Structure formats: structure tokens, C-alpha cells
Amino acid sequence: MISNSTSAACAAPRGGATVGLLTDLPALEALAVRNLRHWFNGADSRIALRQDLLAALGPVLGRQAYENFGRLCNFCVTEGRRPLVRHGMTCTCLGADENCFANLVAAAAHGEYEDANLFAALIVQPQQAQRATVLAAKIGLVLDQLSAQTTGPAAHPGQLQPLSTTLH
């Protein structure tokens, strides 16, 4: 289910179109999408994300990672060109906005700043793209290290369990 959809009969809002499967993403990108879904899934889900980051990284780095991820997500909302569309917690689909976010994080983490700026400009106001890239690089490096420590293409820290029963 797409989080901003009003009914199944309505067309997917811009950015919600399915472009692939979450399981087809490389580990870093899958982790970025899963964490994005957790961030916007409510307080309990954010607490679970924070606990997973603390467990994986320790109290100082875990707290910093959580705060940096939150800064990026909140920046995407406050400076967004339009609402950022996400699929449900248990949905195996990958939405267009989610894919763009994942590619922003991965490009920034790998030092591909021109590409990251282009992805960022699709999410936030173009004049804010560079700032989004800097925020994405901060969390991207940490998520890249975490994704390298786990196995499977859709792995994520602490093996977060979906806190929603939303399907598709």
C-alpha cells in the first residue's frame, strides 16, 4: 500500500509508482528504504530504528546515526518539492520516490556527489539539493558499513521486524 493513497482504485500519486522490488536492491539501498519506511511509520517504529542503530553501532555512533538519518528525512519533508511517497512497511514493492532516496544515499556514500545532487534535486527544491547530498553522505557512510556487515540483499540493522501489518 502506498502511504499517501486514498483508495486502491485511485492512481498512485506521483512518486509512488512501483519501479521494482525491494529485494532487488543492493544492501545499502535496501537498508536506506527500510529505514525511511521506519522513520515515517510512527513513534514506535522510530524507537525500534533507534534501538537497532544503538545496538549495531553503540551508544554514541548509534545516536549520531539516528539523528543524522532523521535530519535527512525531515529535510526531505521540509524542503521537498512535493510529499515524499512511501510504500507500506511490509510491502515488497519499491516506489519511485523510495528508489530516488536510496540512490541519493548510495551515491553520496560513495562520493558520487554530482549524481547525488541530481537525485536530491528530484526530492527537494533544486537550490537545496547540495545540502541534502551532504546530509545523505553523513548517514550513507554509516549505512554502507552496516549493510556490509549483514548478509542478503535486503538486510538491515538489527533485523528490524515490520511493525505494521500493511500489505502492499
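Given the structure is predicted, the values throughout are model-derived calculations rather than measurements. (Residues numbered from 1 in each chain as written. Predicted model: local features only at pLDDT ≥ 70, side-chain atom pairs only at ≥ 80, totals over all residues. Heavy atoms only, no water.)

### Observations regarding the confidence of the model for the protein chain
Predicted confidence across the protein chain gives a mean pLDDT of 86, with 82% of residues reaching 70 or more. A low-confidence stretch, residues 151–168 (pLDDT under 50), is modelled with 52 contacts involving residues beyond four sequence positions or located in other chains. (pLDDT = per-residue confidence, 0-100. Contact = heavy atoms within 4.5 Å.)

### Examining the nonpolar core
Formed by 35 residues in total, the largest nonpolar core has its most connected members in Phe69, Leu72, Phe101, Val105, Ile123 and Leu143. Of all elements in the fold, only helix H1 (27–39), helix H2 (43–57), helix H3 (59–78), helix H4 (96–109), helix H5 (113–123) and helix H6 (129–149) reach the threshold of two or more residues within this core. Each residue touching Phe69, except ones within four places of it in the same chain, is listed here: Ala32, Asn35, Leu36, Trp39, Leu49, Phe101, Ile139 and Leu143. (Core = buried A, V, L, I, M, F, W, Y, C linked by side-chain atoms within 4.5 Å. Buried < 20%, exposed > 50% of the residue type's maximum accessible area, 1.4 Å probe, protein only. Helix = DSSP H or I, 4+ residues; strand = E, 2+ residues; numbered from the N terminus.)

### Points about the pattern of salt bridges
This model, assessed by the stated rule, comprises 4 salt bridges. A salt bridge links Arg63 to Glu67; its shortest N-O distance comes to 3.3 Å. Here Arg63 and its partner Glu67 are both found in helix H3, 4 residues apart, which amounts to about one turn of the helix. For Glu67, a relative accessible area of 32% translates into the label partly exposed. Because the salt bridges share partners, they merge into one network encompassing Arg63, Glu67 and Arg71. (Salt bridge = Lys/Arg side-chain N within 4 Å of Asp/Glu carboxyl O.)

### A closer look at H5
For H5, every residue scored as buried is listed here: Ala116, Ala120 and Ile123. Taken down its axis, H5 places every buried residue within 50° of arc, on the same side. In H5, the exposed residues that point more than 90 degrees away from the buried face are Glu114 and Leu118. Where the residues of H5 are buried, they touch H3, H4 and H6. (Arc of directions from axis to C-beta.)

### A look at the packing of aromatic side chains
Going through the model one piece at a time under the given rule, you end up with 3 aromatic pairs. For the ring pair Trp39 and Phe69, a centre distance of 6.4 Å and an interplane angle of 75° mean the geometry is edge-to-face. Taken together, the positions of Trp39 in helix H1 and Phe69 in helix H3 put the pair 30 residues apart, joining distant regions of the chain. An aromatic cluster is defined as three or more aromatic residues linked by ring pairs; in this entry it consists of Trp39, Tyr66, Phe69 and Phe101. Its guanidinium or amino end placed over the ring of Trp39, Arg46 lies 3.9 Å from that ring's centre, counting from NZ or CZ. The ring of Tyr66 is capped by Arg50, whose NZ or CZ atom sits 5.9 Å from the centre of that ring. (Phe/Tyr/Trp six-rings, centres within 6.5 Å; stacked < 30°, edge-to-face > 60°. Lys NZ or Arg CZ within 6 Å of the ring centre and 35° of its normal.)

### Description of H6
Between the first and last C-alpha of H6 there are 30 Å, a value that for 21 residues agrees with the 30 Å anticipated at 1.5 Å per step. By the largest-angle criterion, Gly140 marks the main kink of H6, which is about 30°. Those residues of H6 lying buried are Ala129, Ala132, Thr133, Leu135, Ala136, Ala137, Ile139, Gly140, Leu143, Leu146 and Ser147. Elements that come into contact with the buried residues of H6 comprise H1, H2, H3, H4 and H5. (Expected span 1.5 Å × (residues − 1). Bend = angle between axes of the 7 residues up to and from the residue.)

### Topic: the side chain of Arg86
You can see Arg86 is positioned in the loop between H3 and strand S2 (93–95). Buried Arg86, no salt bridge; nearest opposite-charge side chain is Glu98, N-O distance 6.4 Å. Within the structure, Arg86 has its side chain in polar contact with the backbone oxygen of Leu84 (distance 2.7 Å). (Lys, Arg positive; Asp, Glu negative; His and termini not counted. Polar contact = N/O pair within 3.5 Å; in protein donor to acceptor, adjacent residues only side chain to side chain.)

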